[in-house]
Amino acid sequence: MSLPQFHYEGGPCFAAVTPGVSEALLREAEPLLGYEPPPGPGCPEALSLSLLSDGSRLLARAGRTASGFHAHAVHLPGEATTGALPVTAWGSAGWRERTPADGPPPALDRIPPPGPYDRAAMAEFVAARGAWLAAFFDDVRRVAEEPGAPRVVLVEADPADVARWVMLACGVLPHARGRRLSFTTYTRRPLSAPQQLVGVLPEDAGVLAGGGRRHRVYEAGRGPAPEAPRGPAALWARTAAAVWRAGRPELFAQVRRLPGEPYGAGPLAALALAAGVPLGSAARAAAAEWAAGRPDALDGIRLHALAGVLARPGGEPRGAAEAAASQRLLAALDAAARGALAAELEPELRAALADAEAEPASLAGLLSAATALGADTAGLLPQAAGKLARGLLADPEGTYGEEIRAALAQLPALRALVLDRLDALAAGDPAAGARLFARTGLRLGTAEALPHLRMCALGRPAGDPVVALDTLLREAGVSPYAEPLVLRTGMRLVWDGAPPTPVEARLLLATTGAPVHGRAGTWPLLARAAAEAPPGDPDAPELAAELLRHAGEDLPPDLRTRLRTRADAPLAAGAAPPADPRARPEVPDGLPEWLSDGSASDPGGERPAEGKRDPEPGASGIMARLRNRFGSPPPP
């Protein structure tokens with residue numbers, strides 16, 4: 001390789017040039033070699049790489065001299081894809097600060113050798129600017145790949161720090177892109193600089209205020225850091241930033257030997273996780289997805305380390321994408337690798353699943369990983385399912401996240417246990433069950449026989465309360481005589497803790513029979529219907545008398561006293577005594593099916609058979625109100 005050299009001095013003029021360089025090349029290079037020193041003392045060094053019209057590059061170093069300035073440049077023709085990155089020439093001993101006195105310089109066979117690299121200084125630099133790295137790498141990717149992308153301006157008091165920014169940028173890019181990324185570590189006129197990365201001193205950064213969207217300015221430490229970039233392509237930038245912050249830059253050289261898209265996060269994230277670099281769920285999902293599709297791309301040690309990180313307890317919650325990709329990776333391992341990993345992790349998995357303080361989302365992720373590995377955690381499923389169910393009822397929106405959804409979708413045994421526990425809990429707190437379905441995407445399958453949950457999933461139907469209760473009990477799929485608690489659940493969902501009206505309560509008693517309310521535990525709600533009814537309600541005294549007969553001993557003393565007062569109210573006012581409480585109002589035709597088709601006959605035999613019931617005196621009034629509620633029956 002033949003690399004011509006130029007020496008250019010303030011005058012301005014070319015002081016020495018390798019023989020054979022064309023005039024056209026010199027004319028194009030001349031404006032790129034100019035140097036404007038800052039006012040006052042100081043000799044900021046300008047190392048630059050510029051792209052020329054024919055696709056070649058010009059690498060130059062310029063600085064202040066006693067007579068003005070001197071620039072030493074090397075022309076890089078062709079598309080060299082190997083060798084050191086041009087930015088490594090920062091501080092190189094191969095640069096001349098004066099024009100040589102021994103005539104035209106010969107062509108070089110390589111760029112000036114790399115200058116000294118201070119690892120400690122770079123680590124300190126990265127630590128101080130860590131919050132800016134992800135956004136910077138995303139902007140570097142854009143400027144390297146997208147024509148017209150905003151140029152990146154780096155405001156630093158020391159051009160050596162600009163050179164470090166450039167080293168970071170060139171190091172994370174694919175090698176060919178890093179070799180062509182143009183830059184300058186110092187200029188006084190950043191708005192007109194042709195390079196993609198431009199360094200400027202703080203005192204010259206004021207002109208950038210008029211740069212509009214043509215530039216992305218990084219002035220670390222002088223304001224809040226930009227938000228981390230979002231989107232699929234930005235995941236690579238966030239991963240690259242995490243790798244640099246962890247002090248593992250060697251991974252960028254290693255990732256270039258792996259298959260994958262240039263800016264795909266998967267390969268880099270896989271290497272990083274295997275090396276112990278902590279990453280977020282999105283990056284872990286990308287690593288698992290990439291490795292699952294090509295498990296032979298990593299050596300056995302790295303593959304085992306990666307799979308262990310993805311399956312091991314601890315860390316931040318796993319999202320649905322990570323959980324699914326991790327299971328695909330674990331399934332892609334051969335049996336020996338899975339067995340070795342299961343033997344290594346099973347004690348940790350069991351301990352984490354048994355942890356009483358474990359969050360529901362963490363439990364779901366652990367169960368998914370344990371299942372994929374084949375670890376024996378079956379005995380811990382009921383305990384985990386109970387905790388998941390309690391969490392879902394207590395905080396539906398906060399608990400029903402990606403990990404929970406993924407685990408319930410992928411682990412049928414866990415779903416069955418969780419839903420069974422939810423059904424039992426919903427029987428005690430139907431309102432919480434209804435909130436669960438109203439605020440999350442959890443839905444029941446048609447074959448899942450869970451009567452209390454089914455009513456909660458349907459919610460309180462609109463319209464008449466008695467019809468609403470009928471609709472809920474139909475949805476439950478089980479008779480209240482077989483499972484009395486569904487009656488309590490339905491009543492709580494319909495009346496939401498408030499008592500029904502006396503006429504509604506009398507209708508329920510007339511059509512269901514009294515004993516089922518005793519087994520369902522709904523006597524107190526019916527008693528409140530009579531005790532809390534407005535004065536003068538025509539049905540309250542009869543309801544109170546009937547309740548005293550059927551449930552007097554099961555009610556609290558104060559409630560019994562209130563019912564007796566209500567039942568005796570007509571006598572105290574000089575009215576006729578209440579009707580025989582053993583009589584029930586006729587049930588009109590046209591009532592909901594569960595109330596009128598004979599299914600309300602109590603299996604215990606307490607309810608009189610049809611044809612033997614005598615309508616209570618004054619039943620015509622309640623019948624009229626029921627017909628007003630449900631409509632008149634059709635003519636025979």
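Residues numbered from 1 in each chain as written. Predicted model: local features only at pLDDT ≥ 70, side-chain atom pairs only at ≥ 80, totals over all residues. Heavy atoms only, no water.

Caption draft 1: Structural context of the nonpolar core. Residues Phe136, Phe137, Leu168, Leu197, Leu414 and Leu422 are the most contacted members of the largest nonpolar core, which totals 157 residues. Here Leu414 is in contact with Leu367, Leu381, Ala385, Leu388, Ala407 and Leu408, once residues within four sequence places are set aside. The next biggest cluster of nonpolar side chains, apart from the first, holds 19 residues, and it includes Tyr8, Ala46, Ala60 and Leu201. (Core = buried A, V, L, I, M, F, W, Y, C linked by side-chain atoms within 4.5 Å. Buried < 20%, exposed > 50% of the residue type's maximum accessible area, 1.4 Å probe, protein only. Contact = heavy atoms within 4.5 Å.)

Caption draft 2: Layout of the pairing of strand 6 (residues 151-155). Here strand 6 lies mainly inside the structure; four of its five residues are buried. Sheet topology places strand 6 next to strand 9 (residues 215-218); four bridges connect them, and they run parallel. For Leu154, the partnering residue across the bridge sits in strand 9 and is Tyr218. Relative to strand 8 (residues 197-200), strand 6 is paired through four bridges, and the arrangement is parallel. Paired with Val155 across the bridge in strand 8 is Val200. (Helix = DSSP H or I, 4+ residues; strand = E, 2+ residues; numbered from the N terminus. Pairing = 2+ DSSP bridges.)

Caption draft 3: Here's a closer look at the sheet that holds strand 9. The strand order across the open sheet built from nine strands is 2-1-5-4-3-7-8-6-9, with neighbouring strands paired in mixed fashion. A strand with exactly one partner marks an edge of an open sheet, and here the two such strands are strand 2 (13-17) and strand 9. Sitting on the sheet, helix 3 (residues 130-145) touches strand 6, strand 8 and strand 9, and the angle it makes with strand 9 is about 155°. Across the sheet, helix 4 (residues 159-172) lies against strand 6, strand 7 (183-184) and strand 8, angled at about 165° from strand 8, the strand it touches most. (Axes fitted to C-alpha atoms, helices over the stretch in contact; angles between N-to-C directions.)

Caption draft 4: Inspection of the packing of aromatic side chains at higher detail. This structure, assessed with the given rule, holds 12 aromatic pairs. Measuring from centroid to centroid gives 4.9 Å for Tyr8 and Phe14, while their planes differ by 70°, and the two rings are edge-to-face. Overall, the relative accessible area of 3% leaves Tyr8 in the buried class. Taking relative accessible area as the criterion, Phe14 reaches 23% and is therefore assigned partly exposed. Three or more aromatic residues joined by ring pairs form one cluster here, namely Phe6, Tyr8, Phe14, Tyr35, Phe69 and Tyr186. (Phe/Tyr/Trp six-rings, centres within 6.5 Å; stacked < 30°, edge-to-face > 60°.)

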